[in-house]
Amino acid sequence: MINEKYEKLTSILQDMNQVVVAFSGGVDSTFLLKVAVDTLGKANVLAVTADSETYPTSELLEAKELAELIGANHQVVETSELAIPGYTENDKNRCYFCKNSLFDHLIPIMSEKGFRNVIYGVIADDLSEYRPGMKAAKEQGVRGPLQEANLFKEEIRQLSKERGLPTWDKPSFACLSSRIAYGETITQAKLTKVDKSEAYLKSLGIRQVRVRTHEEIARIEVEPKDMTIVLTNHGTISEKLQEFGYKYITMDLIGYKSGSMNKILSS
């Protein structure tokens, strides 16, 4: 089954002929870029990474290294989510505004290259989650070959491992704005304290972490196996996160869950 899905993916890409790939350096977009280059050839693929306030410097550096490893042409464009009308208000459509702006940057690059398609790393799992960015993609004619081939995250990880991609077991990542509770204004200061807090927690050996922000409260999400690390280091973690700007430090006993901020949307 998984091999049939891979063959479908390559067939979809072959029909596209030339593509601009929205490339973040995450598990999905890295795999998509790899398959696109292998299927269409380097000259027919351009990876484009948007560097913005919500994208950590460490992720940008890794994206550059991954593009070089794959042998892909790579371009970095400067963007600003905080300048997008409607974005900082942080309502449930925040990701729509973000993706819409991203595609606004990528489509002119596609036209300049003489290409016909912009693609991004949406996957089959996203059909069962709240993903307003998919609406922006549909409106702008941006396609998601991984989703069209019905590939799920675990299948993408398996295929990535088989092809020697170092991202096969990379923790899931989402933009820093996803850490801030809906309705709470997004600011550069808040994004910075989230970034610093998560970087510090990762320095303790925690791979998958979110520091969800509820005004002055930091709600730390880690996988259950890593809760002991948080508890053992609770004193220094509290001091550090207070230093970064939080007043109250908590740990979510449910543990890490992708899209946990979306719970409020169905309540």
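Residues numbered from 1 in each chain as written. Predicted model: local features only at pLDDT ≥ 70, side-chain atom pairs only at ≥ 80, totals over all residues. Heavy atoms only, no water.

Okay, the sheet that holds strand E3 (residues 73-78) next. One open sheet holds the four strands; their spatial order is E3-E2-E1-E4, and the pairing between them is parallel. Lying at the two open borders of the sheet, with one neighbouring strand each, are E3 and strand E4 (117-119). For this sheet the average axis-to-axis angle between neighbouring strands, irrespective of direction, equals 25 degrees. In the sheet, strand E1 (residues 19-22) pairs with E4 via three bridges, with the strands oriented parallel. When the sheet's bridge partners are listed, Val19 is paired in E4 with Asn117. Lying over the sheet, helix H4 (residues 94-113) contacts E1, strand E2 (45-51), E3 and E4, oriented at roughly 150 degrees with respect to E2. (Pairing = 2+ DSSP bridges. Helix = DSSP H or I, 4+ residues; strand = E, 2+ residues; numbered from the N terminus. Axes fitted to C-alpha atoms, helices over the stretch in contact; angles between N-to-C directions. Contact = heavy atoms within 4.5 Å.)

The next point concerns the pairing of strand E6 (residues 217-222). Each regular strand displays side chains that alternate between the two surfaces of the sheet. Among the six residues of E6, five are classified as buried, and the element is accordingly described as predominantly covered. Where strand E5 (residues 209-214) meets E6, six bridges bridge the pair, whose relative direction is antiparallel. Counted as the bridge partner of Val211 is Ile220 from E6. Remark: two residues form the turn of the hairpin made by E5 and E6, two consecutive strands paired antiparallel; Glu215 in that turn has positive phi of roughly 55 degrees. Sheet topology places E6 next to strand E7 (residues 248-251); four bridges connect them, and they run parallel. (Buried < 20%, exposed > 50% of the residue type's maximum accessible area, 1.4 Å probe, protein only.)

Attention now goes to the UniProt feature "domain: NAD/GMP synthase" (unreviewed entry) in the protein. Here the UniProt feature "domain: NAD/GMP synthase" (unreviewed entry) sits at residues 15-80. The distance separating the terminal C-alpha atoms of residues 15-80 is 33 Å; by composition the span is 45% helix and 26% strand. (UniProt positions renumbered as here; feature names shortened; annotations may be inferred.)

Along the chain, the position of Asn93 falls in the loop between E3 and H4. It is 6.1 Å that separates the C-alpha atoms of Asn93 and Pro132, two residues lying 39 residues apart in sequence. Apart from the residues lying within four places of it in its own chain, the contact partners of Asn93 are Tyr130 and Pro132.

With that settled, the discussion passes to the environment of Leu9. With respect to the helices, strands and loops of the structure, Leu9 is situated in helix H1 (residues 2-16). Relative accessible area serves as the criterion here: at 0%, Leu9 is assigned to the buried category. Residues Leu9 and Arg116, spaced 107 residues apart in sequence, show a C-alpha to C-alpha distance of 17 Å. In this structure Leu9 touches Phe31, Leu32, Val35, Pro145, Leu146, Ala149 and Leu151, once residues within four positions along its chain are discounted.

Here we take up the pattern of salt bridges. Across all of its chains, the model carries 18 salt bridges by this definition. With its nearest N and O atoms 3.5 Å apart, the salt bridge here joins Lys225 to Asp226. (Salt bridge = Lys/Arg side-chain N within 4 Å of Asp/Glu carboxyl O.)

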